[in-house]
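Descriptive analysis of the structure
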Amino acid sequence: MVIEPFDAVIIGGGPAGAAAARLLASWGHSVRLLTRTVDHTRSLGESLPPSCEKLFDLLGATDAINNGGFLASTGNTVWWGEGTTRTAAFVDGATGWQVVRHDFDALLLRLAASAGAQVVRSALVRDVRLASASGRAGPAVSTVEYDTEDQPRHAVQASFVLDCSGRAGVVARRGYRVADPTQTTLALAATWTRPDGWGLADASHTLVETYANGWAWSGPVTPQRRYVTVMVDPRTTDLGADRGVISRYEREIGKTAALRGLLEGATRDTVPWGCDASLYHADVCGGPGVLLVGDAASFIDPLSSYGVKKALASAWLAAVVVHTSLTNVSLAGVALELFTAREREIHDASVRQSTTFFAEAAARHLHPFWTGRASAGDPAAGPEPAADVDIARLREDAAVLAAFEALRGARQIRLRRGDRLRIEARPALTTREVVLEERLVLPTWPADGHGVRFLRDIDLVRLVELAPEHEQVPDLFEAYIRRCPPVSLPDFLGALSVLLAKGALVDIS
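Report follows, based on the coordinates. All figures in this text were calculated on a predicted structure; none of them were measured in a lab.

All right, on to the nonpolar core then. By size, the foremost hydrophobic cluster in this structure holds 71 residues, and its most contacted members are I65, F104, L162, L291 and V293. Broken down by element, the residue count for this core peaks at eleven residues, all from helix α7 (residues 307-327). Look past the residues within four positions of L162 in its chain and what remains in contact with it is V9, I10, I11, A20, L24, L291, V293, A318 and V322. Formed by 34 residues, the second largest nonpolar core is a distinct cluster that contains L394, V400, L407 and L476.

With antiparallel pairing, the three strands of this open sheet are ordered in space as β12-β19-β22. Looking at which strands have only one partner, the edges of the open sheet turn out to be β12 (177-179) and β22 (298-299). Pairing of β12 with strand β19 (residues 280-282), which is carried by three bridges, proceeds in the antiparallel orientation. Each bridged residue has a counterpart across the sheet, and for R177 the counterpart in β19 is A282.

What follows is about the pattern of salt bridges. Scanning the model with the defined rule gives 24 salt bridges in all. With a closest N to O distance of 3.4 Å, D233 and R373 form a salt bridge. With D233 in the loop between β16 (225-232) and α5 (245-253) and R373 in helix α9 (residues 368-376), the pair connects residues that are 140 residues apart, well separated along the chain. R373 gets classed as buried once you look at its relative accessible area, which sits at 1%. Residues joined in a network through salt bridges with shared partners are E438, R462, E465 and R483.

So, on to the side chain of S204. Considering the arrangement of structural elements, one finds S204 in the loop between β13 (186-193) and β14 (206-211). The class for S204 is buried, based on a relative accessible area of 9%. In terms of polar contacts, S204 uses its side chain to reach the side chain of D202, at 2.7 Å. Setting aside residues no more than four positions away along its own chain, S204 makes contact with A72, S73, T74, Q98 and P220.

Turning our attention to the packing of aromatic side chains. The final tally for this structure, using the stated rule, is ten aromatic pairs. Their ring planes at 70 degrees and their centres at 6.3 Å tell us that W80 and F357 sit as a pair that is edge-to-face. Of this pair, W80 sits in the loop between β5 (75-79) and β6 (85-89) while F357 is found in helix α8 (residues 332-362), placing the two residues 277 residues apart along the sequence. Overall, W80 belongs to the buried group, its relative accessible area being 4%. In this structure an aromatic cluster arises from ring pairing among W80, F357, F358, F369 and W370.

By secondary structure assignment, the location of A374 is in helix α9. A C-alpha to C-alpha distance of 40 Å links A374 and G60, two positions 314 residues apart in sequence. Leave out the neighbours within four places in its chain, and A374 touches T355, F358, A359 and A362.

Between helix α1 (residues 15-26) and helix α4 (residues 101-114), the shortest axis-to-axis distance is 8 Å and the interhelical angle comes to 20 degrees. Between α1 and α4, the angle is such that the two are roughly parallel. Regarding α1 and α4, the two cross each other, and that crossing is left-handed. Contacts from P15, A18, A21 and R22 in α1 reach R101, F104, D105, L108, L109, L111, A112 and S114 in α4. Partitioning the contact of α1 with α4 into residue classes produces eight nonpolar, one polar and three charged.

Rules used in this analysis
All residue numbers here refer to positions counted from 1 along the written sequence of the relevant chain. Local features in this predicted model are restricted to residues of pLDDT 70 or higher, and side-chain atom pairs are both shown and tallied only at a pLDDT of 80 or more, whereas totals for entire chains, interfaces and linings draw on every residue. The basis for every side-chain value is the complete set of non-hydrogen atoms in the structure, without hydrogens or water. Among buried residues, the Ala, Val, Leu, Ile, Met, Phe, Trp, Tyr and Cys ones that are joined through side-chain atoms within 4.5 Å form a nonpolar core. When accessible area is computed with a 1.4 Å probe and restricted to protein chains, residues below 20% of their type maximum are described as buried, those above 50% as exposed, and intermediate ones as partly exposed. Numbering of helices and strands runs from the N terminus; a helix is a DSSP stretch of H or I covering at least four residues, while a strand is a stretch of E covering at least two. Residues are treated as being in contact if the distance between any of their heavy atoms lies within 4.5 Å. Two strands form a pair only when DSSP identifies at least two bridges running between them. A side-chain nitrogen of Lys or Arg and a carboxyl oxygen of Asp or Glu constitute a salt bridge if their distance falls within 4 Å. Under this definition, polar contacts are N or O atom pairs within 3.5 Å; protein pairs additionally need one hydrogen-donor-capable and one acceptor-capable atom, and for neighbouring residues in sequence, both atoms have to be side-chain atoms. In this scheme Phe, Tyr and Trp rings, the latter by its six-membered ring, pair at centre separations within 6.5 Å, and the angle between planes marks the pair as stacked below 30 degrees, edge-to-face above 60, and tilted otherwise. Helix axes are fitted only over the stretch in contact, all axes being lines through C-alpha atoms; the angle between N-to-C directions runs from 0 to 180 degrees. Angles are sorted into four bins: roughly parallel if under 35 degrees, roughly antiparallel if over 145, roughly perpendicular if 65 to 115, and oblique for all others. Rotating anticlockwise by less than a right angle from the far helix to the near helix defines a left-handed crossing, while the corresponding clockwise rotation defines a right-handed one. Residues were grouped as follows: Ala, Val, Leu, Ile, Met, Phe, Trp, Tyr, Cys and Pro as nonpolar; Asp, Glu, Lys and Arg as charged; and all remaining residues, including Gly, as polar.

Right, here's the structure in full:
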């Protein structure tokens, strides 16, 4: 058996796997992607928010997505908690996408192949032997064995294995994952058709409705066809072991109000099917030569409608980590730590957001489905980080406003670095690599301890370096724009005020 070498082997052909493969191949790396045969009849519908466009741009996929025949969506209509109708359009008239996952995933796989990734379909991974980087001068080398429909026993070696296999977790199940026992969720899905349309104010909207013991979601994929899914907890809802899936699904739909009315006169054109939507996460999202990407690392509540976006963001970050590790081995450890930290931040932010929504629904629906989710949360997530670098908050900060007024009235300034300020190298992301970047670090700002480099395009490190050399604000401003890209005077004064308010600079005049 010939063992072929690659820079990266990717397990899984969903959005995470296809996106990571396309990026790495386009950056000059050898990539083999292994994807299994999937049941097209059980492909889910997904709502993608407009913010996905930034990730499509990174992938060089925006034109292909916009020309892919997917239905444009203008927002959401929700019946949450108290049951009143809430309609929300996307900001500034932006549009999202309503997609059938099979079609969307197939498009991304074609884009990966067009970038040079070797896509192997109908592949069944049999074994993954991860190698330790201990004692080696370069990256680890791992071996993946797999079968295809026409030939068993293929083997490839790679510096990196990316587990993008989603819930299957080919590598992730090897002790990386932690299940969330408080949120066991079963999704029951089917598609419905109404030839004369749905009679909605905006038929492109995603619809979400809570009911006594669960919630329902509906997204259109054509003007006449919609996916309708109910989310229940088998521990708290008697689904009836003696009833078939159709009966169970129809019983749950019957508990809704708005969606039940919407479906009257519509035709259910698929047999309902069930899929596990329970939550889990990984405390560590990889190791030497291996990364858990997208749903392989964590599964966020479907309520967010950010599953695909999370997968694409995770894929981009994984590609950046792999590229950095292969081209600058000295930063491999830093890149891996950054990957795990970012994956955990995304998961924890989702948990906090979902818990808030669940608490709102629990106030109306006094059922264990809601009260359990509202009170459980995720202890690992901890408190929400303070938004110290949030520009809106800084503009309302009394100390910042006072510093701004003092600068405006000062005839002379004598600025010095604060005693508690440190300038330290911290990992940062560019489009395709992890770099070490100098940042300002103070004991209480920013609260996350990661430091800060820019405020409204003002380079704070350069500003702190220049400040002691000038005794007039206009002179300091002119010196700054000679050294750095041009910025507006109001933004410059605002950044200088923040530095004074936070103690990065002190005025000894």
